[in-house]
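Here's the letter readout for the chains.
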Amino acid sequence: MVPRRAHGRSDFEWIRERYENTEKRCSECGYVDEEGNWTSHTDGQRIVYRHVCPSCEASHEHVFDLGN
Ligand SMILES: [Zn+2]
């Protein structure tokens, strides 16, 4: 998937919101995180989205290469 810019918000926010809305269920324990506690950070080369399950602490990451 290629990040696209939507009106009035950054790629970061757009992608994070997508995950918050689609990946709420932990694949490890099945806990559904209604809060959608995704965090994002970037080192300039990549954007990393990370979620830590509040129930079992399993972490899930999605990494996007910015491809400069
Ligand atoms: Zn879990």
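Check the entry above for the structure.
What this report covers is the structure whose coordinates are included nearby. (Residues numbered from 1 in each chain as written. Predicted model: local features only at pLDDT ≥ 70, side-chain atom pairs only at ≥ 80, totals over all residues. Heavy atoms only, no water.)

Quick look at the packing of aromatic side chains
What counts is decided by this rule: Stacked, tilted and edge-to-face are the three classes assigned to paired rings of Phe, Tyr and Trp, where Trp is represented by its six-membered ring and a pair needs centres within 6.5 Å; plane angles under 30 degrees give stacked, over 60 edge-to-face, the rest tilted. Secondary structure follows DSSP: runs of H or I at least 4 residues long count as helices, runs of E at least 2 residues long count as strands, and numbering of each begins at the N terminus. Relative accessibility thresholds used throughout: buried, under 20% of the residue-type maximum; exposed, over 50%; partly exposed, between the two (1.4 Å probe, protein chains only).
All told, the structure shown has four aromatic pairs when counted by the stated rule. With centroids separated by 6.0 Å and ring planes inclined at 80 degrees, the aromatic side chains of tyrosine 49 and phenylalanine 64 adopt a geometry described as edge-to-face. Of the two residues, tyrosine 49 sits in strand E2 (residues 46–52) while phenylalanine 64 sits in strand E3 (residues 59–65), which places them 15 residues apart along the sequence. Both residues of the pair, tyrosine 49 and phenylalanine 64, belong to the buried class.

A short note on the nonpolar core
As a reminder of what qualifies: Only buried Ala, Val, Leu, Ile, Met, Phe, Trp, Tyr and Cys residues count toward a nonpolar core, and they belong to the same one when joined by side-chain atoms within 4.5 Å. Contacts were defined at the residue level, with two residues in contact if any of their heavy atoms lie within 4.5 Å.
Of all hydrophobic cores here, the largest spans six residues; its members are Ile15, Tyr19, Trp38, Ile47, Tyr49 and Phe64. Only helix H1 (11–22) and E2 provide two or more residues apiece to this core. Setting aside residues up to four positions removed in sequence, tyrosine 19 forms contacts with Trp38, Tyr49, His62 and Phe64.

Quick look at the coordination of the zinc ion
Formally: Metal-coordinating donors are taken as N, O and S atoms lying within 2.8 Å of the metal, or within 3.2 Å when the metal is Na, K or Ca; because water is left out, some sites can appear incomplete. In these descriptions, tetrahedral denotes four donors with every angle between 85 and 135 degrees, square planar four donors and octahedral six donors with opposite donors over 155 degrees apart and the rest between 65 and 115, and irregular any other case.
With distances of 2.3 to 2.4 Å, the protein atoms coordinating the zinc ion are Cys26 (SG), Cys29 (SG), Cys53 (SG) and Cys56 (SG). If you look at the zinc ion, its four donor atoms make angles of 107 to 112 degrees with each other, and the shape they trace is tetrahedral. Sequence positions of the residues that donate to the zinc ion give the spacing C-x2-C-x23-C-x2-C. Pair noted here: cysteine 26 is in the loop between H1 and strand E1 (38–42) and cysteine 56 is in the loop between E2 and E3, with a separation of 30 residues, a long-range link.

Quick look at the environment of leucine 66
Inspection of the secondary structure puts leucine 66 in the segment after E3. The spacing of leucine 66 and glycine 44 is 22 residues in sequence and 7.7 Å in space, taken between C-alpha atoms. Residues within four places of leucine 66 in sequence aside, it is in contact with Thr42, Gly44, Gln45, Arg46 and Ile47.

Digging into the pairing of E3
Put simply, the test is: Paired strands are those between which DSSP finds at least two bridges.
The pairing of E2 with E3 spans seven bridges and is antiparallel. Its bridge partner being in E3, arginine 50 is matched across the sheet by glutamate 61. As consecutive antiparallel partners, E2 and E3 are separated by six residues, and within that stretch glutamate 57 has a phi angle of approximately 65 degrees, a positive value.

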